[in-house]
Every structure is written in structure tokens, then in C-alpha cells.
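Chain residues, written in single-letter form:
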Amino acid sequence: MKSDIEIAMEADLLPIQQVAEKLDIKADDLDLYGKYKAKITDDLWDEIKDRPDGKLVLVTAINPTPAGEGKTTTTVGLGQAMDKIGKKAVIALREPSLGPCFGLKGGAAGGGYAQVVPMDELNLHFTGDFHAITSANNLLAAMLDNHIQQGNALGIDPKQIVWKRCVDMNDRVLRNITVGLGRKADGVTREDHFIITVASEIMAILCLAANMQDLKERLGRIIVAYNYDGEPVTAKELNAVGAMAALLKEALKPNLIQTLEHTPALVHGGPFANIAHGCNSVRATKTALKLADYTITEAGFGADLGAEKFFDIKCRMAGLKPDAVVLVATVRALKYNGGVKKEDLASENIEALKKGIVNLEKHIENVAKYGVPCVVTLNQFVTDTEAELAFVKEFCENRGCEFALSQVWEKGGEGGIELAQKVVDTIENKESNFHCLYEDTLTLSEKIETIAKEIYGASQVVYDKAVEKELARLEKLGFGNMPVCMAKNQYSLSDDPTLLGRPEDFTIHIREVYVSAGAGFVVAITGTIMTMPGLPKVPAAERIDVNENGQITGLF
């Protein structure tokens, strides 16, 4: 079969105005970015805001493995399949980051015949949203350092600066740096740090903001540092809000593109799920709900990260009520969780499947904690045997889940018809009684422990001494009612990426906490998770090129 980028490059794309017509969006409600990309204007929301919402479907997955799961591929294929069975659907996705695109994971446009296109443009600069977010973040950093240089009227303690610069690239050498070296005019010398753009608070704010007014209010609440008295200093006090909002004005508008089968896709925002909240923008999701009968969205990595944050952060803040969850797995990934080496995954191994399926079992249980009906789907591989498929099907149905095979990678929407019909039937026959996992009134440590024990299955939570002190300070400053955004490795339910399957009797270690006051949540960093990843030994960037016809090659 052809590579993803070969399939995408050969696609017959419709002009984006024709894709918009499928949703009854007029040409005047589009800001065009070439032939196949557009931003949706602010005026459209005023026209559609009083319409009833369609149904909201979240696609999530088991913990990712090198064997592959295909969550985004399933999301795209399900949207295409909805069209095949006569349902009006919109896909709502995150924008890809350049970090994994040039690193190890690759792009995030789906795969095979279930992709959003133009795939190359989406994976690279797209409409410039991430550049705008990076610029707004670093403008605030520059204004902060300039304020200190110009007399420090706010009494900022350089030892208590918490705002970090960012870049949308895996660049480990920027994690810890020294700035202000040189002459007196070159600034105050201090330790500084970079994070990847998709982990920045500006990204989270953009994705959670309802409109420009809400965006500006959230930007104003950003805590950049503490003064010598230990009081927070905000972006509003630095008079940075207006300029940051100006940089983000266009980035706030959702982006419209299409799938290989011309299903409309709103692709907007891109916070990582292992170190941020892992969901596309509230604006894109709410717009999609007004435009179609079914909105198919996804949340990053496994359900222990993306789905938990979708429910406990995004749905809580935006008042969203998901109608169904699609939980994605593969036989290969389940056998990997059962101890089979990657090179041996093609061979039938029911015993390994029995050992590894406990990972899927835990995610099924977790979805049930939120009261949302669940459909399990297997991305089918040619190496999967009838015995293996039958075992997984029986396992899921014995736990009250609907089950469907998916072949969307190979067949596009046609390969997702069984799944689409299962989703529709589930929504029509099973009521969603969605609720969050915890109440706002719990303390921050109680929220952390609820997530760690209920979702991850940990036996206890251990805090570094500095964390206990910081939690007390955040509670005293009035941030105790906020939800918690856990930063954890994606490969395991624990904070140890080597513990596969369903580990038991383990401890979650909290080594750092901080408040993202503008986003509206407190971040808890576990284990050795990094907010600035590094490139692998052989980065994907080494394979990417542009040929003599101007076509990009090597993306995947």
C-alpha cells in the first residue's frame, strides 16, 4: 500500500468553499488561506449559536505502544463513515506540533485512506496558529524581563519568575538556560527555561477561550512571577494583554479543511495530552456541534490522559456533555502489553492477548466512571486471526461495551461503516449520564489523589517537600477550586513508562506543581515527564525533503 503522504498528495481535493457548503456555511463566513484551507469568521457563531447541539462523540484509546493504535485515523475514518450511512458529521481535531513531526511520532493527520488534507500543510505551518501562540508567549517573556531591566516597579523577584519562553520544536538544550549575559544593558542575568509551544499556557488559553473578551481576561490572569512579598504578578500588571491578544486575533478563529472523502474537519489548537490538557479548542467543538448532527472529536494519547482531561477540564469548563466514547485498540498493541516483542506481534498469541487486554479493561472501567456509553473498536490488521478478534469481542461485550471492527486505514469511510452504525445505535439506545470524576470543592491534593487512584490505579501518591509547600500556597491564593491537569508519561497507567498492561500497587510521584491561572487549572508533574522533549537518535526530520516539483516527501 502507498505511504500516507503519497495517498494525500494524490487526493482530489475540493475547493474549501464547496466543503463549507456541506455545512451550509456561506463564502462570506470564510477567511481563505489558499484553495483548501480557511478560517471561520466570528460572524458565523452569531448566526448559529441558538441552534440545538448535535451529538458529541469522543475518540480515545488504550495507552500507546510502538505497535500503533490509530486514534486519529479512527476519528477521521468514523467521520467519513458517518457520511456513508447518511449522517451529517464534522470532525474536530487538534493541530499537529512540529515537535513530534520532526521527532519520533510523526505527523497527526490520520493515516492511510482516513486522513485530513492537505496533510503536508497541516503538519507544517498550516495557518500560522502555533507561530502566533509562540510569539504571544515570548512577547510576554520579553516584557517581563524588560520590566525588571527598566526599574522593576512591581518588585518582581528574579528568583521567583515562573513564566517560560517557548518554541514548537523538540530542543532539549533549551530546557535550562542562562539569559542576560553580557553588559548591563543586556538585561538582568538569571536562569531561564523553554517549554514546547504545545505545553504553554497560551495554547491552553486559546483552546479554552470562548471569545476575544474571554481570551483577554484569561491572558490577564496569567501569573508570570511572584514579587518579593510572595504575591503573584500577572500579565495584566505588565500591560501585555492587548498586544498578546492582537497577535492571537486570527489564531482564535477555527480552521476548516477536509478529509480524503471531503468530510468537513475543524482543526484548531493543539495542547499535548501528556503535559497539557490534550484537546482541540472549545470554539471549534462548539461550532461543530451547531453545524452537524454528529461531532467526532479526539483527545490525545490514552484515556488515562486525553479522555480524563477532556472530561474533567474541557467539558467541565465549557459545559459540554459527551454522548458516547469510542475506545480504540489493536490486537497488536494488546499483545505488546502482554509482553510480546514488536517483531513477534504478527504471530497469533492468545495467552499474551489475555495478559495485555487488562490495559483495555482498565480504560473501559475508567470511561464508565464518567457515565458515558462506550464502544470499543479494533483497528484491524491483516495479521489478526479470527481467534484473536473473537476473544477481544467477547471480552468487551461481557463488560457491557458495544464492539466493532475498523478497517478505515485501508478502506476509508467504507471500512468504518460497522463502527459508525454501532456509535449511532449506542447514542440512540443508551443515555449518557455524564458527570466529572471529582467536585470543584475538593482540595488540590484530593483531586490529584482521586485521579491517581481512580484513573491510574495507583495505591498511593507521594509529593516532594517543595510540592507540599506549593500546594498550600496555591490553596491560600484561591486556586484550590481549579481542576488538576496531570502531566504524566503516555505509555503506562503509572508514571513509569516501562510498566505495561495494568500495573498494581504502584506509587505516583508528584515532583512539581504550578498554576495556569489564565487557563484555569493547576498542573501536577509526575515522574520524569519533560515539558520540553528532545529529538531521538534518528529524528524523522532526517527523512523529510522537498523534490524538484516543490512536493514535500518523507512526512508520515
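Everything that follows concerns the structure shown earlier in this document.
As the structure is a computational prediction, the values presented were derived from the model and not from experiment.

As enumerated under the stated definition, the model contains 0 disulfides in all. The thiol of Cys101 is unpaired, and the distance to the nearest cysteine sulfur, on Cys166, comes to 18 Å. Since its relative accessible area comes to 2%, Cys101 is described here as buried. No disulfide involves Cys315; its sulfur sits 7.1 Å from that of Cys436, the nearest cysteine.

If a probe as big as a water molecule is rolled over the atoms, it shows which places are left empty. Approximately 1,200 Å³ is the volume attributed to the second largest pocket. For the lining of the second largest pocket, the elements supplying multiple residues, two or more each, are β7 (156–161), β10 (190–192), β11 (194–196), α8 (201–208), β12 (223–227), α20 (465–476), β22 (507–516) and β23 (521–526). If you tally residues by element for the lining of the second largest pocket, the top one is β22, at 6 residues. Here the residues of the lining of the second largest pocket sort into 24 nonpolar, 8 polar and 13 charged.

Read across the open sheet, the 3 strands follow the order β7-β12-β13; overall the sheet is antiparallel. One side of each edge strand has no neighbouring strand; the edge strands of this open sheet are β7 and β13 (232–234). Neighbouring strand axes in the sheet, compared pairwise and without regard to direction, differ in orientation by 50 degrees on average. Taken together, the 2 bridges between β7 and β12 define a ladder with antiparallel strand orientation. Within β12, the position partnered with Ile156 by the bridge is Asn227.

Before going further, it helps to spend a moment on the packing of helix α9 (residues 212–221) against helix α10 (residues 241–248). Relative to each other, α9 and α10 sit at 135 degrees, their axes nearing to 10 Å. Between α9 and α10, the crossing angle belongs to the class labelled oblique. Regarding α9 and α10, the two cross each other, and that crossing is right-handed. Here α9 contributes Met212, Leu215, Lys216, Leu219 and Gly220 to the contact with α10, which in turn contributes Val241, Met244, Ala245 and Leu248.

Definitions and cut-offs
- Residues numbered from 1 in each chain as written.
- Predicted model: local features only at pLDDT ≥ 70, side-chain atom pairs only at ≥ 80, totals over all residues.
- Heavy atoms only, no water.
- Disulfide = S-S within 2.5 Å.
- Buried < 20%, exposed > 50% of the residue type's maximum accessible area, 1.4 Å probe, protein only.
- 1 Å grid on protein atoms, 1.4 Å probe; cavity = no way out; pocket = protein on both sides within 12 Å on 5 of 7 lines; lining within 4 Å.
- Points joined across faces, edges and corners; volume = space filled by probe spheres on them.
- Helix = DSSP H or I, 4+ residues; strand = E, 2+ residues; numbered from the N terminus.
- Nonpolar A, V, L, I, M, F, W, Y, C, P; charged D, E, K, R; others polar.
- Pairing = 2+ DSSP bridges.
- Axes fitted to C-alpha atoms, helices over the stretch in contact; angles between N-to-C directions.
- Parallel < 35°, antiparallel > 145°, perpendicular 65-115°, else oblique.
- Left-handed = near helix turned anticlockwise from the far one by under 90°.
- Contact = heavy atoms within 4.5 Å.

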